[in-house]
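# Descriptive analysis of the structure
Each chain, written out:
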Amino acid sequence: MTNANIHIENIPFPVVLVGGDGQILGINNATEKLSGYTNEEITGEPIEILVPVEFKANHVIQRQTYDAHSGALSRGRDVFLASKTNQIIPITLRISKVEQGFIAFLIENYQDENTSSLLSTSNVKKVFQGLSEPYWEWDIENNKAYYSSQFMALLGYKAEVFEGNPDFWKKHLSSKNLLFVESKISNQLAGELNKIDIFFPITTDKNEMKWVNMTGKVLEYSEGKPSKMFGLMKDITHSRKVTVKLQQRNEYLLLAEHMSKSGHWNVDVAKNTIKWSEGVYRIHGIEDIGIVPEFDDAINYYIEKDREMVRKCVTDALEKGGDFYFKSTIVQLSGEHVKVECKGKVKCDEHGNIINIFGIIRDITEQENNIEILKLGALVNRNVDVPTFIIDEQDN
C-alpha cells in the first residue's frame, strides 16, 4: 500500500486522489492542465466527472464492484478521459491503493507525430470491446463496418460479431428516421458536430420496437479526411417509457395547478438553486418562465410587513428541519395583490443532512375575499342567532 501522506502536487505527471466512495479528494497541477478543471472546483465531485458521458453508468458499476486486491488496474488500462470542455482524451489508467482510497495515474497517450490519427485504433478497440454496450466501428475508407455481438443482439439477431456492409442495419429504421440519422452522420463527417448523440426508434429483426441512443465520433483521419468512426448504440426503451409517463404526469400536474391556482417549488440546498413550476410563475405574475429569482428577490415579492416572517419560516426549516406553513400576500410587478398560502417540507439524506425544501403555493385570493364577505354578512346580522348570509347573482 502506498504511503497515505504522499503529496500529489509533487508528482510531475497527472494523478487523481480518489476516496473509497468514488469522490475526488484532490488533483495535482498536471491533472489541472490535462482536464481543464481546477483542484477547487473538482474536489468533492464523483470521479465520473472525468468519464465520457457514454461510459459513466458502466464506470459506476465497475468502480463499485472493483476488487482492489486484484491488481487489475495496477498494470494499466487504456481508457478515455473527458475534459471540462468535453474533449475526449485517450489515456492509460493505472491505480495504486492508499489509505484514503486510490491514486489514479493518468498517462496520456500522445499521438504519433508520423500519423494524422487522433487516436490509436487499437486503443479504441481495447476500450470499446471491454464494454457490455453495443459497439460499432465504421471503416470509411474501405466502406466496411464492424458490429459487436451486443449490437447484433440489440437488433434481434444472434449475438455474434458481424463485419460487412455498413448500411445493413439501416433497414431497421423508418425512412423519416433514416434521413434524420444520416443527416447527423453527415454533419459529424463535415465537422459541424462535435459528436453524434441522438435518440430514435428502431424495429428489430423480431419486429419489436425499441428506442435507442446512438453516439458516434470520427476518431481517425487519413490525409486530413475522416477514415474511421466509432460509436455505441444503447437500448433506452425502458427509460423512454418512464420519461413518457413522467411527461404525462407532469402535464396532469400542470393542469391540476392551473385549475387549483397553485404551483410547486424546490430549493436545492447544496447548489443553492430554486426551481419553480409554471403555476408559481403565474401566481407571481411573471411571464418569462426562464427567470428564477434569488432567495432574497423571491422574498421581496411578499408585502413588506410579512417578509421577515416568510424569511424566518424558510431559514428555520433549513436550520432545524421540519415543515412550515404561512399565509401572506404577494405583490405582482403589475401592482396586483395576490393572497397566498404556502406549505413547505424539508427533505434530508440518510445522514440527516438537509438536501432540499419542497413547497406548494396556492392563490387563495378568491377564497379569502369570500370569507371577508361572509364575516361582513355575519356582522350585519349579528342580532340573529343563526347568521344569514347574502349571496349575489355571481354566488359571492
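Please read all numbers here as calculations on a predicted model, not as lab measurements.

## So, the pairing of strand 9 (residues 196-203)
- Relative to strand 10 (residues 209-222), strand 9 is paired through eight bridges, and the arrangement is antiparallel. If you follow Pro201 over to strand 10, its bridge partner there is Trp211.
- Between strand 9 and strand 10, which pair antiparallel in sequence order, lie five residues; one of them, Asn207, sits at a positive phi of approximately 65°.

## Overview of the pairing of strand 1 (residues 15-19)
- Counting buried residues along strand 1, five of its five residues qualify, which places the element largely inside the surrounding structure.
- Both faces of strand 1 are covered, namely the face carrying Val15, Leu17 and Gly19 and the face carrying Val16 and Val18.
- By the bridge criterion, five bridges tie strand 1 to strand 5 (residues 101-108) in an arrangement that is antiparallel. Bridge assignment links Val16 to a residue of strand 5, and that residue is Ala104.
- Sheet topology note: the strand 1/strand 2 (residues 24-27) ladder contains three bridges and is antiparallel. When the sheet's bridge partners are listed, Leu17 is paired in strand 2 with Gly26.
- Hairpin connection of strand 1 to strand 2: four residues between the antiparallel strands, including Gly22 at a positive phi of 90°.

## Observations regarding the packing of aromatic side chains
- By the definition in use, this model includes 13 aromatic pairs.
- With a centroid separation of 6.2 Å and 20° between ring planes, the pair formed by Tyr147 and Phe162 is classed as stacked. Of the two residues, Tyr147 sits in strand 7 (residues 144-147) while Phe162 sits in strand 8 (residues 162-164), which places them 15 residues apart along the sequence.
- Residue classification places Phe162 among the partly exposed positions, given a relative accessible area of 28%.
- Pairwise contacts between aromatic rings join Tyr147, Phe151, Tyr157, Phe162, Phe168, Trp169 and Phe200 into one cluster.

## Digging into helix 6 (residues 175-189)
- Taking 1.5 Å of rise per residue, the 15 residues of helix 6 would be expected to cover 21 Å, and the 21 Å separating its terminal C-alpha atoms lies within 8% of that figure.
- Along helix 6, the residues that are buried comprise Asn177, Val181, Ile185 and Gln188. Projected onto a plane normal to the axis of helix 6, the buried residues spread over an arc of 70° and lie on a single side. Opposite its buried face, helix 6 presents the exposed residues Ser175, Lys176 and Leu179, each directed more than 90 degrees away.
- Contact partners of the buried residues in helix 6: strand 6 (135-139), strand 9, strand 10 and strand 11 (225-235).
- At the C-terminal side of helix 6, Gly191 shows a positive phi close to 80°.

## A word on the environment of Tyr146
- Secondary-structure assignment places Tyr146 in strand 7.
- Overall, Tyr146 belongs to the buried group, its relative accessible area being 16%.
- Between the C-alpha atoms of Tyr146 and Tyr135, which are eleven residues apart in sequence, the distance is 8.3 Å.

## Here we look at unusual backbone geometry
- Even without being glycine, Asn143 reaches a positive phi, approximately 55°.
- Asn143 gets classed as partly exposed once you look at its relative accessible area, which sits at 47%.
- The backbone phi angle of Asn207 is positive, close to 65°, even though this residue is not glycine.
- Looking at the secondary structure, you find Asn207 in the loop between strand 9 and strand 10.
- Relative accessible area serves as the criterion here: at 65%, Asn207 is assigned to the exposed category.

Conventions adopted
- Residues numbered from 1 in each chain as written.
- Predicted model: local features only at pLDDT ≥ 70, side-chain atom pairs only at ≥ 80, totals over all residues.
- Heavy atoms only, no water.
- Pairing = 2+ DSSP bridges.
- Helix = DSSP H or I, 4+ residues; strand = E, 2+ residues; numbered from the N terminus.
- Buried < 20%, exposed > 50% of the residue type's maximum accessible area, 1.4 Å probe, protein only.
- Phe/Tyr/Trp six-rings, centres within 6.5 Å; stacked < 30°, edge-to-face > 60°.
- Expected span 1.5 Å × (residues − 1).
- Arc of directions from axis to C-beta.
- Contact = heavy atoms within 4.5 Å.

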